[in-house]
Amino acid sequence: MKLSLPAGDFQAYLFDCDGTIVDSMPLHYIAWKTALAEWNCPFPEDLFYAWGGKPVDEIISTLNTSHGLHMPVETVGTRKEGLYYDLLPQLKAIPEVLEHIEAQYGRIPFAVVSGGRSSSVVRSLTTVNLLDKFETIVGAEDYANSKPAPDAFLVGAQRLGVAPEHCLVFEDTDLGIQAATAAGMASVRVPSPTERH
């Protein structure tokens, strides 16, 4: 399966990380299920995918509110990330996206713009030997409002020194596509694991 890009002369590519560059969503879900089970907190898979792009702390806080729980946000977030790191040996890059990275690397600048923490993004990209392809990484700690707000992508464009309208965003989630549109950027949707297989 090939990704078809929108027409345009793009001067930079901005990539979400999880589910876009790396096929990490199934691994993140295992980590979430394990961490949240310790607090008897349900997290249905469809909700997990619907919330793709939301920062870890925001997910835990929202689950606390909706289930009347008092999970310690920092502790549960750290536990979840640790469980994800344990699964990293299974991580693979997404071939359809890798093809575009390899085709344009060295011609235009790339940034990673993630709802995850930068530390998690660095670990994922290092695992698949892609870290050196990106000029900058924008993580959850680098902007005020998470996707679907445009903040994350605007920070990425600013760091690359490219106007938003000349950036192409690669995203796998609805929240991410909405954020790209809000930032005035064209986008291409990366299909989910179930759609790709």
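Cut-off values and rules
- Chains are numbered independently. Their residues run from 1 in the order of the written sequence.
- The model is predicted, so local features are restricted to residues of pLDDT at least 70 and side-chain atom pairs to those at 80 or more, both for listing and for counting; the totals for chains, interfaces and linings are taken over all residues.
- Only heavy atoms go into the side-chain values, all of them from the structure, while hydrogens and water stay out.
- Categorising residues by exposure relies on relative accessible area from a 1.4 Å probe, with only protein chains included: less than 20% of the type maximum marks a residue as buried, more than 50% marks it as exposed, and the intermediate range marks it as partly exposed.
- Runs of E in the DSSP output that reach at least two residues are strands. Runs of H or I that reach at least four are helices, and both are numbered from the N terminus.
- An arc is given here, and it is the one of the directions from the helix axis to the C-beta atoms.
- We call two residues in contact whenever any of their non-hydrogen atoms come within 4.5 Å of each other.
- For two strands to count as paired, DSSP must find a minimum of two bridges between them.
- An axis is simply a line fitted to the C-alpha atoms; with a helix, the fit covers only the stretch in contact. Between two such axes, the angle follows the N-to-C directions and lies from 0 to 180 degrees.

Asker: Could you clarify how one ought to interpret helix α6 (residues 118–127) in this entry?
Answerer: An α-helical turn contains 3.6 residues, so any two residues separated by three or four positions project in the same direction. Among the residues making up α6, those that are buried are S118, S120, V121, S124 and L125. Seen end-on, α6 carries its buried residues on one side only, within an arc spanning 155°. On the buried face of α6, the contacting elements are α1 (25–37), α4 (73–87), β2 (110–113) and β3 (136–138). One or two positions beyond α6, positive phi appears at N129, with a value near 55°.

Asker: Where do I start with the sheet that holds strand β5 (residues 186–189) in this structure?
Answerer: What links the strands of a sheet is backbone hydrogen bonding, and the strands pair in either a parallel or an antiparallel sense. The sheet built from five strands is open, its strands ordered β3-β2-β1-β4-β5 with parallel pairing. Both outer strands of the open sheet, β3 and β5, are each paired with one neighbouring strand and no more. Mean inter-strand twist for the sheet, computed between neighbouring axes without regard to direction, equals 25°. For strand β1 (residues 12–15) and strand β4 (residues 167–171), the ladder comprises four bridges, and the chain directions are parallel. Residue pairing for β4: Y13 is matched across the bridge by L168. Where helix α5 (residues 95–104) meets the sheet, its contacts fall on β1, β2 and β4, and the angle it forms with β1 comes to roughly 150°. Sheet strands in contact with helix α8 (residues 174–182) are β4 and β5, and its direction is about 165° off that of β5.

Taken by themselves, the reported measurements are silent on function.
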